[in-house]
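Observations on the three-dimensional arrangement
Here is what each chain is made of, one letter per residue.
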Amino acid sequence: MSDKLNKSTTRSYVSIDETSRALLDSAVESSFVMDVNGHILAANKAAALLMGLKSVEELENHDVYSFLPEDVAAIRREKVQDAIEKRASVRFEEEVDDRNLVHSIVPVFNPWGDVVRLAVSTLDLTELRKSDEDLRREQQRQIFFMESLPGIVYHLYPDKSIRYANRYFRKYFGSPKGKNCKEALECSKSDCNACPPMAAMEQDRAVEWDWTDSKGRTFHLQCSPMTDSAGERMIMVLGIDITARKRAEDDLQKAHDRLEDRVRQRTKELEKANSELTNKSMRLVSAMKKADAATRAKSAFLANMSHEIRTPLNAVLGMTELALRSVNESKRTNYLQRVMQAGNSLLSVINDILDFSKIEARKLTLEKIDFDLRKTLDSAMDIHRTQTSDKSLFLDNSIADDVPNVLVGDPYRLKQVLINLVSNAVKFTEQGGVSIDISLVSAPPKPKKGDEVVLEFAVTDTGVGIPKDKQKAIFKSFLQADDSVTRKHGGTGLGLSICTLLVELMQGRLRIASEEGKGSTFAFTAKFIIGDEANVARDIEATLDLESLGLSNLKVLLADDNKLNLELASTLLIEQGHNVVCVENGAQALEAVKKDRFDIILMDVQMPIMDGISATRAIRNPNSGATDPKIPIVAITAHALKGDKERFMEAGMNDYIAKPIKMTEFYSTLARAMHGADLCGDEKTGAEDAPCAVDSFNRQGALDMLGGRKDLLTRMDEIFLRDIPGELEELISYMANHDWEEAKRLAHSIKGSSRTVGAERAGAVAEQVEFFCKQKDVNSAEEELKILEAEVKTALQYITDDMQS
Ligand code: ADP
């Protein structure tokens with residue numbers, strides 16, 4: 001059959017003109033024409049290639065089935081037969097050797113309608129199929145990639161629809177199906193036209209945008225225009241959730257802002273601190289300048305003070321020497337008077353210093369007692385009468401009618417200020433005089449007892465005056481208007497400072513009005529309460545009489561090694577009906593208070609074995625064994641200078657009585673101590689009370705001190721005559737043995753005894769001996785001792801005579 005076919009094929013060979021051949025060859029797909037038996041009449045190159053042949057010639061005039069595997073050839077015959085029978089084209093796909101082939105068999109009819117030939121074209125879809133698959137896979141990969149992205153991905157179209165949204169999108173916003181982008185994204189933006197993705201679409205360019213949804217999440221969106229698989233333009237939006245980053249950025253920004261705020265604030269604080277530091281250092285510099293000035297002032301003060309101390313001290317030494325050498329009694333008295341004056345001015349310098357330091361250390365408190373203003377003024381003026389009359393100056397005063405006379409306040413301190421101002425006024429005035437005017441500054445409408453009043457005290461003089469530029473400085477401590485070395489008037493420069501401080505304590509102010517060459521007025525205000533006349537009177541009585549205070553029958557312990565003092569004090573006490581136990585030293589006093597209970601102790605300060613201060617300390621010690629460690633203790637002492645009081649107080653004493661004992665003072669001090677009051681502000685100084693000159697004898701003074709009681713003086717005289725010769729003997733032997741402590745004690749005792757009986761000179765010399773014993777100055781002490789022996793001898797004789805007369 002094959003042969004037959006071949007023969008017929010050969011026979012039915014059709015020639016192909018050039019055009020048909022060209023058409024055949026130009027086809028990309030394989031094409032050939034065969035007769036119904038499969039004999040290839042004409043073919044193109046693609047057909048030869050498909051069959052695995054090199055040229056068309058190898059194919060033409062051959063049986064097509066011979067090129068095909070058996071099973072493929074069978075199917076092909078079947079399909080050809082199908083086309084012949086159906087007289088229509090047959091199209092079918094076939095997989096041969098991993099190739100996808102699409103065949104099209106088209107029957108060709110002769111004029112009689114018989115199928116004589118068949119045109120077969122084959123398309124190799126293998127590559128096409130393969131790229132289709134690749135494309136599909138690629139698309140799948142892309143979708144997988146987009147689905148698994150940790151951010152939103154969606155495809156936005158010009159009609160605002162979202163046709164694709166990835167899993168992240170759907171999870172967060174839900175499915176966008178059937179919604180426009182505004183609904184799908186729950187976008188709160190009102191103007192969709194200004195929306196960057198739309199702008200990206202319109203301008204066909206990529207855009208980036210940070211967008212925050214209605215729930216506060218922020219996405220960084222990248223909008224890229226592209227064409228979808230259907231060829232439609234759209235925007236692919238890729239969004240990364242940057243909420244956390246944004247929040248962190250915001251927090252960072254806030255922290256940064258806060259930091260900046262803090263830096264600003266800190267800078268401000270630093271600037272403030274810096275300016276404060278600058279101020280401080282400026283203040284420091286000015287304080288340093290002030291301190292410098294103060295140091296200079298203090299140095300000047302020290303120089304001045306040393307001058308003030310040396311001048312009277314030189315006088316004391318010089319005059320004493322003259323007195324010691326002089327045999328002329330009246331000359332000696334004169335020298336000694338001047339010694340006394342110099343001593344007094346020395347004491348006043350020292351008192352000034354003590355006063356000032358005490359007030360400055362705020363250790364001074366004012367009394368609050370009823371006092372008579374006129375009497376206080378009179379006594380302040382009395383002190384200056386001699387001086388003013390010596391200088392032929394007037395000394396006047398005037399008190400306005402509305403000034404109450406009885407006030408409650410501190411009369412001693414008021415007097416001190418007045419004395420100071422008047423004494424300055426007198427000192428700096430050579431012509432005219434000084435007047436003191438007291439007026440009422442403020443008071444309630446109808447002032448009565450207990451009301452507060454403010455008074456002004458003005459001390460006016462017609463003296464040298466003070467230049468304007470010095471008026472401020474003189475109130476400063478240690479400064480004087482005339483600070484030249486050659487200044488005419490003495491003074492410590494502390495007076496006005498003390499006055500200023502005292503006036504401040506009286507809640508007032510001290511001011512000055514002065515014109516150089518014309519005079520000055522120093523005026524100060526002070527606050528008082530209107531007092532009660534009756535209280536002024538009662539106070540005086542109280543100082544005199546213990547009994548009126550209900551203090552009778554006291555049990556008194558008297559400790560004094562000086563027999564004379566012991567006798568005097570015990571007599572004064574016994575006379576008032578008190579019981580007295582006498583001991584001779586501090587140790588015995590301590591023993592006594594351990595055994596017995598007393599109401600009060602009168603204690604000499606200087607005693608053998610144990611002095612009064614040590615004894616007081618021992619008694620005050622709660623473990624001392626004393627029955628009453630709080631018992632009132634009053635010192636009896638010749639150490640009555642300022643500053644001693646503090647020593648007694650510090651040891652625990654309540655008050656002191658200055659030797660030689662004065663009756664009124666003795667009783668009033670006891671009354672005060674029994675009333676529990678501490679040492680009063682009324683400074684008792686040896687100086688104020690000391691006689692102006694050392695007469696050999698001052699019997700009247702002695703009598704006055706004993707309240708005019710001659711009997712008492714006689715008793716004192718008897719004891720003096722009895723004890724003093726023995727004490728003098730003892731003193732001489734202690735000095736011979738250089739036992740300075742005991743010698744000093746005896747000299748001290750002789751001093752007190754002598755002064756009690758009015759043997760002033762003996763007392764003064766004994767004081768000298770005491771002084772030199774303290775200094776352990778053998779020569780001077782021995783010299784003084786000789787004089788003392790003579791003085792005591794004179795005194796014994798004088799008193800014996802006086803008693804007999
Ligand atoms: P002192 O104790 O040295 O007198 P004050 O403080 O009382 O010190 O006075 C200081 C200075 O003030 C005096 O040295 C004097 O220069 C001046 N002064 C005080 N009162 C008067 C006055 N009434 N007239 C002139 N100068 C005075």
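Read on for an overview of the structure. Just so we're clear, the structure is a prediction, and the values are computed from it rather than from any experiment.

Helix and strand counts for the chain come out as 25 helices and 22 strands. Put simply, 61% of the contacts in the chain that link residues at least 6 apart link residues at least 24 apart. Per element, the accessible surface of the chain, about 43,200 Å² overall, is 52% carbon and sulfur.

The subject of this paragraph is the packing of helix α22 (residues 710–736) against helix α23 (residues 740–756). One way to put it is that α22 packs onto α23 with a least axis distance of 9 Å and a crossing angle of 160°. Judged by the angle between their axes, α22 and α23 are roughly antiparallel. Along this stretch, α22 crosses α23, giving a crossing that reads as left-handed. Along the contact surface, α22 presents Leu 713, Met 716, Phe 720, Ile 724, Glu 727, Leu 728, Glu 730, Leu 731, Tyr 734 and Met 735, while α23 presents Trp 740, Glu 742, Ala 743, Leu 746, Ala 747, Ser 749, Ile 750, Ser 753, Ser 754 and Thr 756.

So, on to the packing of helix α15 (residues 563–575) against α22. Where α15 meets α22, the closest approach of the two axes is 9 Å, and the angle between their N-to-C directions is 155°. Considering the angle they form, α15 stands roughly antiparallel to α22. Where α15 crosses over α22, the two elements pack in a sense that is right-handed. Contacts from Lys 563, Leu 564, Glu 567, Leu 568, Thr 571, Leu 572 and Glu 575 in α15 reach Asp 711, Leu 712, Arg 715, Met 716, Ile 719, Phe 720, Arg 722 and Asp 723 in α22. Class assignment of the residues belonging to the contact of α15 with α22 gives a composition of seven nonpolar, one polar and seven charged.

As a further point, take the sheet that holds strand β9 (residues 218–227). Spatially, the five strands line up as an open sheet ordered β7-β6-β10-β9-β8, and their pairing is antiparallel. With one partner strand each, in any of the chains shown, β7 (162–165) and β8 (207–212) form the two edges of the open sheet. On average, each strand axis in the sheet is inclined to that of its neighbour by 25°, with strand direction left out of account. Here strand β6 (residues 152–156) runs beside β7; their pairing, made up of three bridges, is antiparallel. Considered in β7, the bridge of His 155 is made with Tyr 164.

Evaluated as defined, the whole model comprises 34 salt bridges. One salt bridge connects Lys 86 with Asp 82, and the closest N-O pair in it is separated by 3.3 Å. With Lys 86 and Asp 82 both in helix α4 (residues 70–86) and four residues apart, this pair spans about one turn of that helix. Relative accessible area serves as the criterion here: at 24%, Asp 82 is assigned to the partly exposed category. Note that Glu 770 is salt-bridged to Lys 751, the shortest N-O span being 3.1 Å.

Moving on: unusual backbone geometry. Despite not being glycine, Arg 87 shows a phi value in the positive range, around 55°. With respect to the helices, strands and loops of the structure, Arg 87 is situated in the loop between α4 and β3 (90–96). Although it is not a glycine, Gln 507 sits at a positive phi angle of roughly 60°. Tracing the backbone shows Gln 507 in the loop between α13 (495–505) and β16 (510–515).

Our focus in this paragraph is the sheet that holds strand β21 (residues 633–637). Across the sheet, which stays open at both edges, the five strands sit in the order β19-β18-β20-β21-β22 with parallel pairing between neighbours. Single-partner strands in this sheet number two, and they are β19 (579–583) and β22 (655–658). Between one strand axis and the next, the sheet turns through 20° on average, direction left out of account. Pairing between strand β18 (residues 555–559) and β19: five bridges, direction parallel.

This brings us to helix α12 (residues 411–427). For α12, built from 17 residues, the straight-helix expectation of 24 Å at 1.5 Å per residue is met to within 8% by its first-to-last C-alpha distance of 23 Å. In terms of residue burial, α12 counts as a mostly covered element, since twelve of its 17 residues are buried.

Here we take up the packing of aromatic side chains. The full count for this structure, using the stated rule, is twelve aromatic pairs. Plain terms: the ring middles of Phe 169 and Phe 173 are 5.0 Å apart, the flat faces sit at 50° to each other, and that makes the pair tilted. Of this pair, Phe 169 and Phe 173 both sit in helix α6 (residues 167–173), four residues apart, which is roughly one turn of that helix. Classification of Phe 169 as buried rests on a relative accessible area of 0%. Seen from their ring centres, Tyr 172 and Phe 173 are 4.7 Å apart, and the 80° between their planes marks the pair as edge-to-face. The pair Tyr 172 / Phe 173 is uniform in exposure class, with both members buried. Here the basic side chain of Arg 77 rests over the ring of Tyr 65, its NZ or CZ set 4.3 Å away from the ring centre. One Lys or Arg, Arg 163, reaches over the ring of Tyr 157 and ends 3.8 Å from the middle of that ring.

All right, on to the nonpolar core then. Grouped together as the largest cluster of nonpolar side chains are 52 residues, with contacts concentrated most on Leu 602, Ile 661, Phe 666, Phe 720, Leu 731, Met 735 and Leu 788. With nine residues, the top contributor of residues to this core is α22. Of all hydrophobic cores here, the second largest spans 44 residues; its members include Val 426, Phe 457, Ile 466 and Ile 512.

Calculation criteria
Residues numbered from 1 in each chain as written. Predicted model: local features only at pLDDT ≥ 70, side-chain atom pairs only at ≥ 80, totals over all residues. Heavy atoms only, no water. Helix = DSSP H or I, 4+ residues; strand = E, 2+ residues; numbered from the N terminus. Contact = heavy atoms within 4.5 Å. Areas by Shrake-Rupley, 256 points an atom, 1.4 Å probe, with all protein chains shown as cover. Axes fitted to C-alpha atoms, helices over the stretch in contact; angles between N-to-C directions. Parallel < 35°, antiparallel > 145°, perpendicular 65-115°, else oblique. Left-handed = near helix turned anticlockwise from the far one by under 90°. Nonpolar A, V, L, I, M, F, W, Y, C, P; charged D, E, K, R; others polar. Pairing = 2+ DSSP bridges. Salt bridge = Lys/Arg side-chain N within 4 Å of Asp/Glu carboxyl O. Buried < 20%, exposed > 50% of the residue type's maximum accessible area, 1.4 Å probe, protein only. Expected span 1.5 Å × (residues − 1). Phe/Tyr/Trp six-rings, centres within 6.5 Å; stacked < 30°, edge-to-face > 60°. Lys NZ or Arg CZ within 6 Å of the ring centre and 35° of its normal. Core = buried A, V, L, I, M, F, W, Y, C linked by side-chain atoms within 4.5 Å.

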